[in-house]
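# Chains, contacts and geometry: an overview
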Amino acid sequence: VNLQAQQFQPLAEDIREDYKKLPQLTALYRQSGEPFALNPIGTVQFSNFDTNEAGRPIGQRLYAEGGVTYPMAWSYGFLRPTAKYRLLEYSLDRQVDALDEDPGAASALASIDGGLVLERETSLADRDVVQTLEPRLFYLFSQFDDQTANPDFDSAELTFNYNQLFRDTRFSGRDRLDDANQLALGLTTRFLDASTGEERFNASIGQIFYFTNRRVRLDASDPELDRSSSEVAGELNFYPNER
């Protein structure tokens, strides 16, 4: 359980003031991660948002999600199916454009995350290493629900990178329940020191393939995202020594 109070002071007059959280209360159930067992998912968050800027909505937001996941793990790979239901409700003042002062949204979400770990012994710079090859697949489906009247208190679109391929949302914050019907494919290789197991180098590449347009946007007036695939995402990490 986390209780947070947050306020911002802009350092320039032309910077828009962020919303204050006075307060935000979050209750989160942390999964045990036990393989081959049902692991419940539970989050409830109540937030009270305020701002001194006129013409911007203020009020309370309630977010809740509940579901279950069944992680499976073997020495050669993993499979993790997940299903959950997300609920979003507001009670607003100063709502803009005569929109609903009590908007909300709800969306069911299901995902399957799976991967393999293949290994071989080789050498790198005259050192014995174990090289892995790790293909990964992540399918995500999330229902669409109209959120035209929902404000944007603390949300933004996440920066696209390799880790974003395997997240179940493209937004930070809790103001948007994004819709999705997509498949992400990724491939990682690692070089591990054969004697100590320390990771020396890894490289990853992947892409998302979209089966439907993504209709939920941060700004409701923005057009649907109609690309059939994402950019190609990559990542490189090199660890020359233990530091």
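Look up: the structure comes first, before these words.
Reference entry: report on the structure contained in this document. (Residues numbered from 1 in each chain as written. Predicted model: local features only at pLDDT ≥ 70, side-chain atom pairs only at ≥ 80, totals over all residues. Heavy atoms only, no water.)

### Quick notes on unusual backbone geometry
Quick reminder of the rule: Here a helix means four or more residues in a row that DSSP labels H or I, a strand means two or more in a row labelled E, and each is numbered from the N terminus. Relative accessibility under 20% of the residue-type maximum defines a buried residue, over 50% an exposed one, and the middle range a partly exposed one, all with a 1.4 Å probe and only protein chains included.
A cis amide bond, omega -10 degrees, links Leu22 with the succeeding residue Pro23. Along the chain, the position of Pro23 falls in strand S2 (residues 20-29). Of note in this structure, Phe36 is not a glycine but carries a positive phi near 60 degrees. Here Phe36 is to be found in the loop between S2 and strand S3 (39-50). A residue is classified by how much of its surface remains accessible, and Phe36, at 39% relative accessible area, is partly exposed. Here the phi dihedral of Arg94 falls at roughly 60 degrees; this positive angle occurs in a residue that is not glycine. If you trace the backbone, Arg94 turns up in the loop between strand S6 (77-93) and strand S7 (104-116).

### Observations concerning the pattern of salt bridges
This is how the line gets drawn: Throughout this description, the term salt bridge denotes a Lys or Arg side-chain nitrogen within 4 Å of a carboxyl oxygen of Asp or Glu.
Within this structure, the stated rule accounts for 18 salt bridges. Between Arg56 and Glu53 there is a salt bridge, with its nearest N and O atoms 3.3 Å apart. Note that Arg227 is salt-bridged to Glu231, the shortest N-O span being 3.3 Å. When salt bridges with common partners are traced through the structure, they connect Lys21, Arg61, Asp154 and Asp175 into a single cluster.

### Structural notes on the side chain of Gln95
Stated precisely, the cut-off is as follows: As used in this structure description, the phrase polar contact means that two N or O atoms lie within 3.5 Å; if the pair is within protein, one of them must be able to donate a hydrogen and the other to accept it, and residues adjacent in sequence are counted only when both atoms belong to side chains. Whether two residues touch is decided by their heavy atoms; if any such pair falls within 4.5 Å, the residues are in contact.
Relative to the assigned elements, Gln95 resides in the loop between S6 and S7. Among the polar contacts listed, one links the side chain of Gln95 to the backbone oxygen of Ala149, at a separation of 3.0 Å. Beyond its immediate stretch of four places on either side in the chain, Gln95 contacts Pro57, Asp100, Glu101, Pro103 and Ala149.

### Here we look at the nonpolar core
Under the convention used in this document: Residues enter a nonpolar core if they are buried and are Ala, Val, Leu, Ile, Met, Phe, Trp, Tyr or Cys, with the set joined through side-chain atoms within 4.5 Å.
Listed in full, the 11 residues of the largest apolar core are Leu109, Phe138, Leu140, Tyr162, Leu165, Phe166, Ala180, Ala184, Ile208, Tyr210 and Ala233. Taken together, the elements giving at least two residues each to this core come down to strand S9 (127-142), strand S12 (180-193) and strand S13 (199-210). Excluding its chain neighbours within four sequence positions, the residues that come into contact with Ile208 are Phe160, Gln164, Leu165, Gln182, Leu183, Ala184, Ser228, Ser229 and Ser230. Counting residues in each nonpolar core, the second largest holds 10 residues, with Tyr90, Leu92, Ala105 and Leu177 among its members.

### Looking at the pairing of S7
Short version of the rule: At least two bridges found by DSSP between two strands are what make those strands a pair.
As paired elements, S6 and S7 share 13 bridges and run antiparallel to each other. Within the sheet, the bridge partner assigned to Pro81 lies in S7 and is Ile112.

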